[in-house]
Amino acid sequence: MAQKQLSDDLVTRISALCEGEDDVIAKMATISCELYHAVDGYDWVGFYRVTEPQLLKIGPYQGGHGCLTIPFSKGVCGAAARLAATQLVDDVNAFEGHIACSSSTQSELVLPIFDKSGTVIAVLDIDSDSPAFFSSEDAATLETLMATLFTQ
Ligand code: SME
């Protein structure tokens, strides 16, 4: 049954499922699936990958169809990639340059994904149809999880 928020159990399950896996796409697909189906309020979960300089391209995701490409200069995802910093947006309507793939999205949490060398290789984008759905604790928990899964 879906839960209302990110839990320690979910983090532990994702870590266990990805244990020993070194294929980046396999991990992205598994993480997207687990987060999307586990948390009631995560209405779109997926990765955009850095496929050429200053450009993000859609990767594994769950939810309605997402934009295929996002330049670093656009949207919440572009900001996370450009600034190499997590973006927690309580109200997407107040975010200058937000890309509305779905008009129902109200809040977003986007994390940069780093490889071992500290290079941004992707972003994890989680969108909610509820305003201010994400907390700074969620952001910190997911940052730690992503660092564990992609930099080791
Ligand atoms: N929310 C993103 C766009 C991607 S979709 O919502 C799937 C943004 O503004 O960066």
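Scope of this entry: the structure provided in the associated data block.

Calculation criteria
- Counting restarts for each chain, with residues numbered from 1 along the sequence as it is written.
- With pLDDT at 70 or above as the cut-off, local features in this predicted model cover only qualifying residues; side-chain atom pairs require 80 or more to be listed or tallied, and sums for whole chains, interfaces and linings still use all residues.
- Computation of side-chain values: all heavy atoms of the structure, hydrogens and water removed.
- Pairs of strands are assigned from DSSP output, requiring at least two bridges between the strands.
- Strands here mean DSSP runs of E at least two residues long; helices mean DSSP runs of H or I at least four residues long; both are numbered from the N terminus.
- Note on definitions: angles span 0 to 180 degrees between N-to-C directions of axes, and those axes are lines fitted to C-alpha atoms, for helices only across the stretch in contact.
- Note on contacts: a residue pair is in contact if any heavy atoms of the two residues lie within 4.5 Å.
- Proximity criterion: a residue is near a molecule or strand once any of its heavy atoms comes within 4 Å of it.
- Polar contact criterion, stated in full: a pair of N or O atoms within 3.5 Å, where within protein one must be able to donate a hydrogen and the other to accept it, and residues adjacent in sequence count only if both atoms are side-chain atoms.
- Exposure was quantified through the Shrake-Rupley algorithm and a 1.4 Å probe, taking into account, for residues, occlusion by the shown protein chains and nothing else.
- Lys, Arg, Asp and Glu make up the charged group, whereas Ala, Val, Leu, Ile, Met, Phe, Trp, Tyr, Cys and Pro make up the nonpolar group; the residues left over, Gly among them, are polar.
- For every residue, the accessible area obtained with a 1.4 Å probe (protein chains only) is divided by the maximum for its type, and the residue is called buried under 20%, exposed over 50%, and partly exposed between those limits.
- Sulfur atoms of two cysteines make up a disulfide when they are within 2.5 Å.

**Overview of the sheet that holds strand S5 (residues 107-114)**
Pairing in this open sheet of six strands is antiparallel, and the strands run S3-S2-S1-S6-S5-S4 from one edge to the other. In this open sheet, the two edge strands, each paired with only one partner strand, are strand S3 (69-71) and strand S4 (87-89). Mean inter-strand twist for the sheet, computed between neighbouring axes without regard to direction, equals 25°. When S4 meets S5, the two strands line up antiparallel, connected through three bridges. Along S5, the bridge assignment pairs Leu88 with Leu109. On top of the sheet, helix H2 (residues 24-38) reaches strand S1 (44-52), strand S2 (55-62) and strand S6 (120-128); it is set at about 155° to S1, its chief contact.

**Remarks on the site of the ligand**
Close to the ligand lie Trp44, Tyr48, Ile70, Gly75, Val76, Cys77, His98, Ile99, Cys101, Glu108, Asp125 and Asp127, which account for all nearby residues. The backbone of Val76 places a nitrogen or oxygen atom 2.9 Å from an oxygen atom of the ligand. Within the backbone of Cys77, one N or O atom sits 2.7 Å away from an oxygen atom of the ligand. In isolation the ligand exposes 300 Å². Once the protein is present, 99% of that is buried. Looking at the shell around the ligand, the elements that each hand over two or more residues are S1, helix H3 (75-83) and S6. When residues of the shell around the ligand are assigned to their parent elements, the largest contribution, three residues, is made by H3. Taken together, the residues that form the shell around the ligand break down as seven nonpolar, two polar and three charged.

**Topic: the pairing of S5**
Here S5 lies mainly inside the structure; seven of its eight residues are buried. Examined bridge by bridge, S5 and S6 share eight bridges and lie antiparallel to one another. Within the sheet, the bridge partner assigned to Glu108 lies in S6 and is Asp127. Hairpin remark: S5 followed by S6, antiparallel, with five residues in the connecting loop; positive phi at Gly118, about 90°.

**With respect to the state of the cysteines**
Throughout the structure, instances matching the rule amount to one disulfide. For Cys67, the disulfide goes to Cys101, at an S-S distance of 2.4 Å. In this structure the cystine formed by Cys67 and Cys101 twists about its S-S bond by roughly -120°; its chirality is therefore left-handed. Separated by 34 residues along the polypeptide, Cys67 in the loop between S2 and S3 and Cys101 in the loop between S4 and S5 bring together distant segments of the chain. With relative accessibility at 39%, the residue Cys101 sits in the partly exposed group. Unpaired in this structure, Cys18 has its nearest cysteine sulfur neighbour in Cys33, at a distance of 11 Å.

**What to know about the side chain of His98**
Mapping His98 onto the fold places it in the loop between S4 and S5. One polar contact links His98 to Glu108, side chain to side chain, over a distance of 2.8 Å. When residues no more than four places from it in sequence are discounted, the contact partners of His98 are Gly75, Val76, Val92 and Glu108.

In short, the description is geometric, and any link to function would need to be established separately.
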